[in-house]
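Each chain, written out:
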Amino acid sequence: MNKIKSLDDLRKMKQSLKSDISIREKSDKAEEMVRVRVAMATCGIAAGAREVMNTLLRKVEQDSLPVVVTQGGCMGYCYAEPTIEVAVPGKDPVVFSHVDSARALEIVDKYIVKGELIDGIIPVNYQTIQEKL
Amino acid sequence: MVQIKMHLLVCGGTGCRASESDRLVEQLNHHLQLNGLAEEVKVVTTGCFGFCEKGPIVKVIPDNTFYTQVTPEDAEEIVKEHVLKGRKVARLLYEDPETLEHISDSKHMEFYQKQVRIALRNCGFIDPENIDEYIVRDGYAALGQVLASDPKDTIELIKKSGLRGRGGAGFPTGLKWEITAGNQADQKYVVCNADEGDPGAFMDRSILEGDPNSIIEAMAICGYCIGATKGLIYIRAEYPLAIRRLEIAIKQAREYGLLGKDILGSGFDFDIELRLGAGAFVCGEETALISSMHGSRGEPTIKPPFPAQSGYMGKPTNVNNVETFANIPPIILKGWEWFNSIGSEKSKGTKVFALAGKINNVGLIEVPMGTTLREVIFEIGGGIKDGKRFKAVQTGGPSGGCLTEQHLDTPIDYEHLTAAGSMMGSGGMIVMDEDDCMVSVAKFYLEFTVEESCGKCAPCRIGNKRMHETLEKICQGKGTLDDIEYLENLGKVIKDTALCGLGQTSPNPVLSTIQYFKDEYRAHVVDKKCPAGQCKALKSYVIDETKCIGCTLCARNCPTDAITGDKKVPHVIDQSKCIKCGACYEKCKFGAIQIR
């Protein structure tokens, strides 16, 4: 291991190691974060949800966005897979259909960062157990 | 490159390891491998989550799913269902004891909602065996900041923060540092007191197991402030996991140059060694601790001189408790105003408690000073086990006292607990229900102090022994009203005359139980009855003839053949043979056996 020789070194080191546990720090403040849930049931995975998830994770890390990417089970929209649900704090969750990598990046840029709505939204017709509690 | 999308945090504290959490980690890794997920999901062994009642704990990040009582055999289901398909394993989720609903994540658990975690900030969050994770959590940044400034400024900051010693006495930490800093010597020492000896307490152990680097960093900060280049951690040998993690942390800190010569280019040298104690309660007293570190018997000495004047090797020594040290780095990084804004008027910050006894959520909690006992016991602790009635809570371990229902709304801080006849102590909190006999409880604690007394001074060595004999006599049904008065008088004398903190506080459990449960003592000596039915000599089992149908079940279960009677005829217990084990009472299906 290299020695840490100054406070600056220590800070640089902290930055370089940050990504290792940023996922934990974010989920610790989950209520302040945008939550993106990728439907990762068999149908979702078959339709390419894994690639979408990886794209999202990379994008979020690259741009240090306040976004938590989680995976969920089947949301029931098998005809529109891969689907992702985006919950911006203070807003109702929105489900996007037919999401591939390119569309995932578009959703991040337009809906999450700029707050613009884009096509392909499925009307939400379910409640989650958290909302009931 | 494959992105890590999920972390599985597994508790690696002593409690959860005892329930095979290390094998659980192996199994999780094994099944991740089998399902081709090993590169996407990281399994992290952390320190204690505090929710020991339901350990081993697995927390899934990022969705905060909180799995309880997970066995190594559950690993496959977690991997195949949750990790692979995103479906939570409902049977492993925490069930709210009142609503019986599954709670999906830790954010919705009442246990965590009331807590403020400063000393435990990294416990259950980082891998304690990896210094990098501590560094990402701003680790050693406080040390870097301190090394670039005047030690006096830091001492001033700690003084203003209002931090007081968490070992029990509550001495202002900044003042202690200032006194040690003011004493000139060629060598000074920083000592961390990790000799946690209260029965039922595990705060310090959990901090050391979950976040050892925070103690190392704080000791180096203290060393710089008081002018010491050497630190010693006095820890009991019966904490093997804490010792191992400290050793790993010290080694990693040395490799990074965060311990050793010229730390962070400041020219300041500091290093830490461990000293293992044999596990004597009295060695938590600072002068006895130092004596034990010298290799002598763990006996306290008269103060003054205080360790700040003449401590380890006769040099000025600053002794602080583990939890006190754990608070230092956040105070420096976030400022004294922040720390000072938490807590009550004279007690600032938070306090860690080890909740134990007849309570639903046994575990480790950290609450702001001034939180009431009711909030801790009924909200965080989830109330009394099996729906029984709350009777008393013992704070401060064998040196503390018992508080009753009338004290439930007492804010927890140094002043209020002392005023109520107990003390803060190091943070043990043992809850008792209606089935506990307060005389027996007092006797239990006194038994502990009698055993742990070093024997140096007469009041503690002889006085406690006499008190214990008197309590024994009362429990045997041979006590008189004079004995209660005798206990009160003797207790006061011991408090006034004993040499060290151990003796000065050892009568507390007896005195406080006499104060608040005098009726129970009277019942023992006047009526010769134990209201809680705990004192064997004072109870007898009898069979209610009207309820006994003569099924012979009790007679068959009696280990001493004390029960006789023919089939379908009411049975009788021979009191001379009965050993009062209660086997018949538990077996009888008709409620015919009564305790008198």
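Parameters at a glance
- Residues numbered from 1 in each chain as written.
- Chains lettered and ligands numbered in written order.
- Predicted model: local features only at pLDDT ≥ 70, side-chain atom pairs only at ≥ 80, totals over all residues.
- Helix = DSSP H or I, 4+ residues; strand = E, 2+ residues; numbered from the N terminus.
- Contact = placed C-beta atoms within 7 Å.
- Rg over C-alpha atoms; globule rule 2.2 N^0.38 Å.
- Buried ≥ 20, exposed ≤ 12 C-beta atoms within 10 Å, placed from the backbone.
- Core = buried A, V, L, I, M, F, W, Y, C linked by C-beta atoms within 7 Å.
- Nonpolar A, V, L, I, M, F, W, Y, C, P; charged D, E, K, R; others polar.
- Axes fitted to C-alpha atoms, helices over the stretch in contact; angles between N-to-C directions.
- Parallel < 35°, antiparallel > 145°, perpendicular 65-115°, else oblique.
- Left-handed = near helix turned anticlockwise from the far one by under 90°.
- Pairing = 2+ DSSP bridges.
- pLDDT = per-residue confidence, 0-100.
- Arc of directions from axis to C-beta.

A word on the overall build of chain A
A count of helical and extended segments in chain A gives 5 helices and 5 strands. Each of the three principal axes of chain A carries a C-alpha extent, and together these read 55 × 30 × 25 Å. Taking contacts inside chain A between residues at least 6 apart in sequence as the whole, the part at least 24 apart equals 64%.

Some remarks on the overall build of chain B
Helix and strand content of chain B: 24 helices and 19 strands. Here chain B has a C-alpha radius of gyration of 27 Å; the compact-globule value for 596 residues is 25 Å, and the two agree. Taking the principal axes of the C-alpha coordinates as reference, chain B spans close to 90 × 65 × 40 Å. Every one of the 596 residues in chain B was classed for burial, and the buried ones make up 55%.

Some details on the nonpolar core
Counting residues in each nonpolar core, the largest one holds 176 residues, and the members touching the most others are Leu8(B), Met219(B) and Ile221(B). When residues in this core are grouped by element, the largest group, 10 residues, is from helix α10 (residues 212-226) of chain B. When sequence neighbours within four positions are dropped, the list of residues in contact with Leu8(B) reads Leu28(B), Val41(B), Val43(B), Val44(B), Val58(B) and Val60(B). Membership of the second largest hydrophobic core comes to 24 residues, among which are Met40(A), Ala41(A), Val60(A) and Val99(A).

Some details on the interface of chain B and chain A
The partner chain A presents 33 residues to the 30 residues of chain B that form the contact. Among the secondary structure elements, those contributing two or more residues to the side of chain B that touches chain A are α5 (131-136) and α6 (141-147) of chain B. The element contributing the most residues to the side of chain B that touches chain A is α5(B), with 4 residues. When its residues are assigned to classes, the side of chain B that touches chain A shows 13 nonpolar, 9 polar and 8 charged.

Considerations on the packing of helix α17 (residues 438-452) of chain B against helix α18 (residues 458-475) of chain B
All names here are of chain B. α18 packs onto α17 with a crossing angle of 150° between their chain directions and a minimal axis gap of 9 Å. As far as their axial angle goes, α18 and α17 are roughly antiparallel. With respect to the hand of their crossing, α17 and α18 are arranged in left-handed fashion. Where α17 abuts α18, its residues Val439, Ser440, Ala442, Lys443, Leu446, Glu447, Thr449 and Val450 lie against Asn464, Lys465, Met467, His468, Leu471, Glu472, Ile474 and Cys475. When the residues that make up the contact of α17 with α18 are grouped by side-chain class, the tally is 8 nonpolar, 4 polar and 4 charged.

Points about the environment of Cys588(B)
Here Cys588(B) is to be found in the loop between α24 (583-587) and β19 (593-595). Excluding its chain neighbours within four sequence positions, the residues that come into contact with Cys588(B) are Leu553(B), Cys554(B) and Ile593(B).

A word on the sheet that holds strand β5 (residues 121-122) of chain A
Residues and elements named next belong to chain A. Across the sheet, 5 strands lie side by side as β2-β1-β3-β4-β5; this open sheet has mixed pairing. Of all strands in the sheet, those with a lone pairing partner are β2 (67-72) and β5, marking the two edges. One ladder, built from 4 bridges, connects strand β1 (residues 34-39) with strand β3 (residues 84-87); its direction is antiparallel. Opposite Arg35, over in β3, you have Ala87 as the bridge partner.

Observations concerning the environment of Met423(B)
Inspection of the secondary structure puts Met423(B) in the loop between α16 (414-419) and β15 (428-433). The sequence separation of Met423(B) and Ala169(B) amounts to 254 residues, and the corresponding C-alpha distance is 8.6 Å.

Examining the pairing of strand β14 (residues 401-404) of chain B
All names here are of chain B. Sheet topology places strand β13 (residues 390-395) next to β14; 4 bridges connect them, and they run antiparallel. Bridge pairing links Thr395 to Gly401 in β14. A loop of 5 residues connects β13 with β14, the two strands running antiparallel in sequence, and Gly396 in this loop sits at a positive phi of about 80°.

Quick notes on the confidence of the model for chain B
All names here are of chain B. Mean pLDDT for chain B: 92, with 100% of residues reaching 70 or above. The element-level mean pLDDT for chain B is lowest in strand β6 (residues 102-103), coming to 84, with α10 highest at 97. Scored by ipTM, the complex comes to 0.79, with pTM at 0.88.

As for helix α7 (residues 151-161) of chain B
All names here are of chain B. Of the positions making up α7, those classed as buried are Pro151, Thr154, Ile155, Leu157, Ile158 and Ser161. One face of α7 carries all of its buried residues, which in axial projection span an arc of 160°. Of the residues in α7, the exposed ones pointing more than 90 degrees away from the buried face are Lys152 and Asp153. Those residues of α7 that are buried lie in contact with α6, α8 (173-182), α10, α13 (322-334) and α14 (336-340). Positioned one or two residues after α7, Gly162 has a phi angle of 85°, which is positive.

A few points about the packing of α7(B) against α8(B)
All names here are of chain B. Two elements in contact, α7 and α8, have axes whose closest approach is 7 Å; the angle formed by their N-to-C orientations is 150°. With respect to their mutual orientation, α7 and α8 come out roughly antiparallel. Between α7 and α8 the crossing geometry is left-handed. Every residue of α8 that contacts α7 at Pro151, Ile155, Ile158 and Lys159 is listed here: Thr173, Gly174, Leu175, Trp177, Glu178 and Ala181. In the contact of α7 with α8, the residues fall into 6 nonpolar, 2 polar and 2 charged.

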